[in-house]
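Examining the three-dimensional arrangement
This is what each chain is made of:
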Amino acid sequence: QVQLVESGGGLVQAGGSLRLSCAASGRTFSRYTMGWFRQAPGKEREFVAAISWRGTSTYYADSVKGRFTISRDNAKNTVDLQMNSLKAEDTAVYYCAASQGSYYGMVVKEVDYWGKGTQVTVSS
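One structure accompanies this document, and this report is about it. Here the structure is a predicted model, which means the values were calculated and not measured.

Criteria and thresholds
Residues numbered from 1 in each chain as written. Predicted model: local features only at pLDDT ≥ 70, side-chain atom pairs only at ≥ 80, totals over all residues. Heavy atoms only, no water. Helix = DSSP H or I, 4+ residues; strand = E, 2+ residues; numbered from the N terminus. Salt bridge = Lys/Arg side-chain N within 4 Å of Asp/Glu carboxyl O. Buried < 20%, exposed > 50% of the residue type's maximum accessible area, 1.4 Å probe, protein only. Polar contact = N/O pair within 3.5 Å; in protein donor to acceptor, adjacent residues only side chain to side chain. Contact = heavy atoms within 4.5 Å.

**What about the environment of Trp36?**
With respect to the secondary-structure elements, Trp36 resides in strand 4 (residues 33-39). Here the alpha-carbon distance between Trp36 and Tyr103, two residues 67 residues apart in the chain, equals 11 Å.

Structure follows, in structure tokens:
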């Protein structure tokens, strides 16, 4: 069992930065691929970024590649998402996710645990 709690969301102007954090409980955290998804109003939840259980491999959606960076600390049971050069279209609720599947092509149906989400709003 893994419980996930996100923090760090908020309101930022376009071009600014935010850092999201996800704190996980459970002794098996290091066994899971971790990822971030987001969901804008009226849209489906979409993949943003994922990181392998060792933290050595990452994968990003094309829309955030070069702007967002995912990282994890298995000693602290945390996974972060550094978001730079934010755009209005990045506005969404961001969800932390844990999966026993691959970091490459992480999909909603393979997620085993979800956080409750944190709101990110980017003003243009």
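**Describing the pattern of salt bridges**
The full count for this structure, using the stated rule, is five salt bridges. In this structure, Arg38 and Glu46 form a salt bridge, with 2.7 Å as the shortest nitrogen-oxygen distance. The buried category is assigned to Arg38, whose relative accessible area is 6%. One salt bridge in this structure joins Asp62 and Lys65, with 3.1 Å as the shortest N-O distance. Assessed through its relative accessible area of 66%, Asp62 is described here as exposed. Taken together, the salt bridges that share partners define one network made up of Arg38, Glu46, Arg67 and Asp90.

**Overview of the side chain of Thr33**
Here Thr33 shows up in strand 4. Residue class for Thr33 comes out buried when judged on its relative accessible area of 5%. Here the side chain of Thr33 touches Gly101 through a polar contact of 2.7 Å, landing on its backbone oxygen. Discounting residues that sit within four places of it in the chain, Thr33 has contacts with Ala50, Ile51, Trp53, Arg72, Ala97, Ala98, Ser99, Gly101, Ser102, Tyr103 and Met106.

**Description of unusual backbone geometry**
Backbone phi values are negative for most residues with the exception of glycine, while trans is the configuration of most peptide bonds. Located in the positive-phi region is Asn77, a residue other than glycine, with phi close to 55 degrees. Position of Asn77 among the secondary structure elements: in the loop between strand 7 (68-73) and strand 8 (78-83). The phi torsion at Ser85 lies on the positive side, around 50 degrees, for a residue other than glycine. Position of Ser85 relative to the elements: it lies in the loop between strand 8 and strand 9 (92-99). A residue is classified by how much of its surface remains accessible, and Ser85, at 41% relative accessible area, is partly exposed.

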